Amino acid sequence: MLKATFPIALALGAIAAPLAAQQFPTDDPVLQSIWTEGMDNSRVWDLSQVLMDSIGPRLTGTPHIKSGNDWLVKTYTAWGIPARNEQYGTWKGWERGVTHIDLLTPRVRTLEGTLLAWSAGTPDGKPVTGSVVILPEVADSNAFRVWLPQVRGKFVLVSMPQPTCRPDATWREFATEESFARMDAQRDTARARWAQRVRNTGYSVGLGTGTLGRRLEEAGAAGVIASRWSNGYGVQKVFDARTERSPSVDLSCEDYGLVYRLAEQNQGPTLRIAAEAEFMGEVPVFNTVAEIKGSGKPDEYVMLSAHFDSWDAGSGATDNGTGTITMLEAMRILKKVYPNPKRTILVGHWSGEEQGLNGSRAFAADHPEVVQGLQALFNQDNGTGRVVRMSASGLVSASGALADWGAQLPQEIAGFIEWSFPGSPAGGGSDHASFVCTGAPGFSLGALGWEYGTYTWHTNRDTFDKVVMDDLKNNATLTAMLVYLASEDDQTVARDRRVMPTRTNPRTGVSTQTEWPECQQPTRSSAGYTR
């Protein structure tokens, strides 16, 4: 696979020295106008603040995502861009209210935690008080069934307590090598034993409380308490639950450890939880689609793509509010400086991505004419950082098109991008995979990390303050330029696929031919959803 920082002639010294302003390799006035509008007249702060602070998280099936869909349509319409909410299915409707978790004995402390998505609240949202028990070590599922009556009216701890809530990087910096190695080994042993403890029940916790939580609920537990630490200070991965009568909550690493130790040492922890939640049955779910009609080749399409849904423990800021704002702002820029494109420009703000790319898969299935006429799709979904990676997604001729478009970008943007030609097709990590599986040219805009995996991806800390506005301006401007260049290209991007490589299993030595990823059918209702 060829990897090169591109444009080759300009990029070699891109990061080594300060950059002069606006180093354009072309005198194209539209590109220069896109730069001015995107960098000097940016709206990304204002748009981000409304989306992330006011609308907030956008869990599929909640009133918040529908409010967000309506805001997108209203915003596009105000800019003179036709937009619509397009229903693709239904999902389990749910709305969270206030959650309050308190330790009452042996001392009083308000605990940091939250109700998991799609969990029941406490009855009528009123406080429930109970003692705490730890999921026991049992020999098998029969022994677990014998133990189950003990959970009635109690809160059950179902996660391993972390031996430390300090990140490993801090241990490496300050601890002796022996001390860190000892802690790490003890933690590995504890993880393995806890995983076996859960397996022996005959149930699983999944990413939240899973089927184990449902079984504890059936046995009369007052609530199920988990903790999924994200390996950083104060940060939790917070997903979903299956309980319909008892609350499932996630406690912070620190507070979960406190409650666990009190229970383990028979020091009588008592909790009080008040949690409001409402189930609303199956509700319609939507993609928001906006369009600037092409004047030369209206039946060919250039698409902007980002998922709009999020988990709801934070604000959905970097997953994927930043991708959403990138595409929204790029469309604003294009409407102002390129209002009569050669090809039709579409933007898809997808719902249900977190449950399996459902919104984009449904759009691709419902709009074969768009897939057939797709010139290029640009998708962004990996945090707040500036775009630094792009690939041709395994399409040979698309490599040449991307190289040509990249050669026309200003150095301030292109100088940071590593291009991979021909690259490999996406297997399902984000929404461009819904199009790449057909052989259509869908490209991912890969961003700098900014500790995304630890601190904001699916966490309670994915909030407005984590957005890097300069990077967001860069990404919106880049996207607008790529869309313009793809729209104006005289050539239609061909779809010839690379010869996929063979992979050798290092354990068996057996080589197998890698296959182009197959398209998956969308899940169009929560009845067909499992995790």
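Residues numbered from 1 in each chain as written. Predicted model: local features only at pLDDT ≥ 70, side-chain atom pairs only at ≥ 80, totals over all residues. Heavy atoms only, no water.

**Thoughts on the overall build of the protein chain**
Part 1 of the argument: A count of helical and extended segments in the protein chain gives 17 helices and 18 strands.
Part 2 of the argument: Against the 2.2 N^0.38 benchmark of 24 Å for 531 residues, the protein chain shows a C-alpha radius of gyration of 25 Å, consistent with a compact globule.
Part 3 of the argument: Along the first, second and third principal axes, the C-alpha set of the protein chain runs to 75 × 50 × 45 Å.
Part 4 of the argument: A total of 531 residues make up the protein chain; the buried ones form 57% of that total.
Part 5 of the argument: Summarising the internal contacts of the protein chain: among those between residues at least 6 apart in sequence, 83% fall at separations of at least 24.
Part 6 of the argument: Accessible area of the protein chain: about 21,600 Å², with a carbon and sulfur share of 50%. (Helix = DSSP H or I, 4+ residues; strand = E, 2+ residues; numbered from the N terminus. Rg over C-alpha atoms; globule rule 2.2 N^0.38 Å. Buried < 20%, exposed > 50% of the residue type's maximum accessible area, 1.4 Å probe, protein only. Contact = heavy atoms within 4.5 Å. Areas by Shrake-Rupley, 256 points an atom, 1.4 Å probe, with all protein chains shown as cover.)

**Structural notes on the nonpolar core**
Part 1 of the argument: Ile-34, Ile-325, Met-331, Phe-378, Met-390, Leu-402 and Trp-405 are the most contacted members of the largest nonpolar core, which has 70 residues in total.
Part 2 of the argument: Here the element with the most residues in this core is helix H17 (residues 469-488); it accounts for ten residues.
Part 3 of the argument: Excluding its chain neighbours within four sequence positions, the residues that come into contact with Met-331 are Tyr-76, Ile-81, Ala-290, Glu-291, Ile-292, Leu-304, Ile-345 and Val-347.
Part 4 of the argument: One finds Val-133, Phe-144, Phe-155 and Tyr-260 within the second-largest nonpolar core, a separate group that totals 51 residues. (Core = buried A, V, L, I, M, F, W, Y, C linked by side-chain atoms within 4.5 Å.)

**With respect to the pairing of strand E9 (residues 270-292)**
Part 1 of the argument: As paired strands, strand E2 (residues 83-105) and E9 are joined by 19 bridges and run antiparallel to one another. Bridge pairing in E9 links Thr-105 to Thr-270.
Part 2 of the argument: Taken together, the five bridges between E9 and strand E11 (residues 343-350) define a ladder with antiparallel strand orientation. Across the sheet, Val-289 pairs through a bridge with Gly-348, a residue of E11. (Pairing = 2+ DSSP bridges.)

**Brief notes about helix H4 (residues 63-78)**
Part 1 of the argument: Taking 1.5 Å per residue, 16 residues should reach 22 Å; H4 reaches 22 Å between its end C-alpha atoms and fits that length.
Part 2 of the argument: Within H4, the full set of buried residues consists of Ile-65, Gly-68, Asn-69, Trp-71, Leu-72, Val-73, Thr-75 and Tyr-76.
Part 3 of the argument: Those residues of H4 that are buried lie in contact with helix H3 (44-55), E2, E9, helix H10 (317-337) and E11.
Part 4 of the argument: In the stretch just after H4, Gly-80 is the one whose phi turns positive, near 80°. (Expected span 1.5 Å × (residues − 1).)

**Describing the packing of aromatic side chains**
Part 1 of the argument: Under the definition given, this model contains 16 aromatic pairs.
Part 2 of the argument: Measuring from centroid to centroid gives 5.3 Å for Phe-239 and Trp-311, while their planes differ by 80°, and the two rings are edge-to-face. One end of the pair, Phe-239, is in the loop between strand E7 (223-226) and strand E8 (248-251); the other, Trp-311, is in the loop between strand E10 (297-307) and H10, with 72 residues separating them in the sequence. In terms of burial, Phe-239 and Trp-311 fall into one category: buried.
Part 3 of the argument: Look at Phe-378 and Trp-405: their rings are 6.2 Å apart centre to centre, the planes differ by 65°, and that puts the pair in the edge-to-face class. Taken together, the positions of Phe-378 in strand E12 (residues 374-379) and Trp-405 in helix H13 (residues 396-407) put the pair 27 residues apart, joining distant regions of the chain.
Part 4 of the argument: Judged by relative accessible area, which is 0%, Phe-378 ranks as buried. (Phe/Tyr/Trp six-rings, centres within 6.5 Å; stacked < 30°, edge-to-face > 60°.)

**A look at the state of the cysteines**
Two cysteines joined by a covalent bond between their sulfur atoms form a disulfide.
Part 1 of the argument: Within this structure, the stated rule accounts for two disulfides.
Part 2 of the argument: A sulfur-sulfur distance of 2.0 Å marks the disulfide that ties Cys-437 to Cys-519. Given an S-S torsion of about 100°, the disulfide between Cys-437 and Cys-519 has right-handed geometry. One end of the pair, Cys-437, is in the loop between helix H15 (433-436) and strand E15 (442-444); the other, Cys-519, is in the segment after strand E18 (511-513), and 82 residues separate them in sequence.
Part 3 of the argument: Relative accessible area serves as the criterion here: at 11%, Cys-437 is assigned to the buried category.
Part 4 of the argument: With cysteine numbering restricted to those in disulfides and following the sequence, the protein chain has the pairing 1-2, 3-4. (Disulfide = S-S within 2.5 Å.)

**Some remarks on the packing of helix H2 (residues 29-40) against H10**
Part 1 of the argument: The geometry of H2 relative to H10 is characterised by a closest axis approach of 10 Å and an angle of 130° between their N-to-C directions. With respect to each other, H2 and H10 are oriented oblique. Between H2 and H10 the crossing geometry is right-handed. Contact with H2, carried on its side by Val-30, Ser-33, Ile-34, Glu-37 and Gly-38, involves Arg-332, Ile-333, Leu-334, Lys-336 and Val-337 of H10 and no other residues of that element. (Axes fitted to C-alpha atoms, helices over the stretch in contact; angles between N-to-C directions. Parallel < 35°, antiparallel > 145°, perpendicular 65-115°, else oblique. Left-handed = near helix turned anticlockwise from the far one by under 90°.)

**Describing the pattern of salt bridges**
Part 1 of the argument: Applying the stated criterion across every chain yields a total of 24 salt bridges.
Part 2 of the argument: The partner of Arg-187 in a salt bridge is Asp-184, with the nearest N and O atoms 2.9 Å apart. Of this pair, Arg-187 and Asp-184 both sit in helix H7 (residues 177-201), three residues apart, which is roughly one turn of the helix.
Part 3 of the argument: Accessibility expressed as a relative area gives 2% for Arg-187, which makes it buried.
Part 4 of the argument: The residue Asp-490 makes a salt bridge to Lys-342 at a minimum N-O spacing of 3.1 Å. With Asp-490 in the loop between H17 and strand E17 (502-504) and Lys-342 in the loop between H10 and E11, this pair connects stretches of sequence that are 148 residues apart.
Part 5 of the argument: Assessed through its relative accessible area of 58%, Asp-490 is described here as exposed.
Part 6 of the argument: The exposure class assigned to Lys-342 is buried, which follows from its relative accessible area of 19%. (Salt bridge = Lys/Arg side-chain N within 4 Å of Asp/Glu carboxyl O.)

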